[in-house]
2 protein chains.
Amino acid sequence: MTVTQESSTLHAIGPMCADGTPFPRPDGQDRYTISEVVAHTGLSAHTLRWYERIGLMPHIDRSHTGQRRYSNKDLSWLDLVSKLRLTGMPVADMVRYAELVNEGEHTYPERLELLVAHREDVRKRIAELQDTLAVLDYKIDVYAGAHRAPERH
Amino acid sequence: MTVTQESSTLHAIGPMCADGTPFPRPDGQDRYTISEVVAHTGLSAHTLRWYERIGLMPHIDRSHTGQRRYSNKDLSWLDLVSKLRLTGMPVADMVRYAELVNEGEHTYPERLELLVAHREDVRKRIAELQDTLAVLDYKIDVYAGAHRAPERH
DNA sequence: CGCTTGCTTGGAGTGCACTCCAACTCTCTA
DNA sequence: TAGAGAGTTGGAGTGCACTCCAAGCAAGCG
């Protein structure tokens, strides 16, 4: 895996990220503290440690005194995890996916299956939301121009 | 409120619903048992009673022996509630909305506000989901045609 | 050196949305 | 009229995803 490939799932390459901290740092110097990861991902430090405990993270490198040092690879994994979480994938499923990644290339088919199933789920949810959006638009219209309000709720 | 208006948020008027039970029944004979409501809404009886306890339902009519008898109006309210729940509106917010409905017409502005805020929320969520859908599509492509797999996860 | 701020751990606590339980009563069919 | 199957209640329990706590170690600064 090369540097450019690694960065592809991160933000565009540049010397600084939005809030002024250097990000991403080039591979080799990519040893972020937990608070840097908090700043970048929006996840809490509690949550990051908890993710590790439950097996959702690969082994995180440590400083000589035992503090966590996250790599670019860890951040890109967290990017994926955050996206999946945001779309409602249960933590247990993500742990399963993490296990598959850990087991190596022969688990490609099962990973694919898991992803495809989740995509179906996401598509269904989008449809549901758009459905409700129509109901909301209708109700909002009714309330906005409340001319002889035709419904009770 | 007339029959046709009441039915507008229910399914199309017809003598039977999908599973053969008469639905909706004409106003006046609309006294559904809890299990009929379960069959129609997909909510559990537990949940229906719990909704009532927390103030999410208006007062439900009772038979002479104290059993619940739901009306068409109750069903249409449940339809709305289910849609809002499905789109992630917290139960507490729905309870607030129910209170406003209960308080009368002078709460129209606040109801409108609540609905508009939720609509914004739903729109944002749709955008998020579509964003992730793109990531999923990309990953699935990678796994599906796994020619020298370019990523580790 | 002392001070502040940050990081560590296992285990306990929280909030939400149900979900179930026990011990009944009621309704319906044979 | 007997028995099966719904319905009733308040309160306790469950599962998920965090979230916090206490007690202690570590790093940087004047």
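These remarks concern the structure in this document. (Residues numbered from 1 in each chain as written. Chains lettered and ligands numbered in written order. Predicted model: local features only at pLDDT ≥ 70, side-chain atom pairs only at ≥ 80, totals over all residues. Heavy atoms only, no water.)

### Re the packing of helix α2 (residues 34-41) of chain B against helix α4 (residues 72-86) of chain B
All names here are of chain B.
Phase 1: One can describe the packing of α2 onto α4 by two numbers: an axis separation of 11 Å at closest approach and a directional angle of 40 degrees. Judged by the angle between their axes, α2 and α4 are oblique. In terms of crossing hand, the pair formed by α2 and α4 is right-handed. Facing Val37, His40 and Thr41 of α2, the residues of α4 in contact are Leu75, Leu78 and Asp79.
Phase 2: Grouping the amino acids of the contact of α2 with α4 by side-chain chemistry returns three nonpolar, two polar and one charged. (Axes fitted to C-alpha atoms, helices over the stretch in contact; angles between N-to-C directions. Helix = DSSP H or I, 4+ residues; strand = E, 2+ residues; numbered from the N terminus. Parallel < 35°, antiparallel > 145°, perpendicular 65-115°, else oblique. Left-handed = near helix turned anticlockwise from the far one by under 90°. Contact = heavy atoms within 4.5 Å. Nonpolar A, V, L, I, M, F, W, Y, C, P; charged D, E, K, R; others polar.)

### A closer look at the protein's contact with DNA strand D
Phase 1: With respect to spatial proximity, 18 residues lie near DNA strand D, and among them His46(A), Thr65(A), Ser35(B), Arg49(B) and Arg68(B) are the closest.
Phase 2: Here the atoms of DNA strand D within 4 Å of the protein split so that 71% fall in sugar or phosphate, with bases taking the remainder.
Phase 3: At 3.1 Å from a phosphate oxygen of DNA strand D is found a side-chain nitrogen or oxygen belonging to Arg85(A).
Phase 4: One of the side-chain N or O atoms of Arg68(B) is found 2.5 Å from a phosphate oxygen in DNA strand D.
Phase 5: Top element by residues in the surface near DNA strand D is helix α3 (residues 45-53) of chain A. It accounts for four residues.
Phase 6: Partitioned by chemical class, the residues of the surface near DNA strand D number five nonpolar, eight polar and five charged. (Near = heavy atom within 4 Å. Polar contact = N/O pair within 3.5 Å; in protein donor to acceptor, adjacent residues only side chain to side chain.)

### Side note on the protein's contact with DNA strand C
Phase 1: Taken together, 19 residues sit near DNA strand C, with Ser35(A), Arg49(A), Arg53(A), Arg68(A) and Thr65(B) positioned nearest.
Phase 2: In the interface set of DNA strand C, defined as its atoms within 4 Å of the protein, sugar plus phosphate atoms amount to 73%.
Phase 3: Gln67(A) is positioned with one of its side-chain polar atoms (N or O) 3.3 Å from a sugar or linking oxygen of DNA strand C.
Phase 4: A distance of 2.8 Å separates a phosphate oxygen of DNA strand C from a polar atom in the side chain of Thr65(B).
Phase 5: Every element with two or more residues in the surface near DNA strand C is listed here: α2 (34-41) and α3 of chain A together with α3 (45-53) of chain B.
Phase 6: When residues of the surface near DNA strand C are assigned to their parent elements, the largest contribution, four residues, is made by α3(B).
Phase 7: Of the residues assigned to the surface near DNA strand C, the class counts are five nonpolar, nine polar and five charged.

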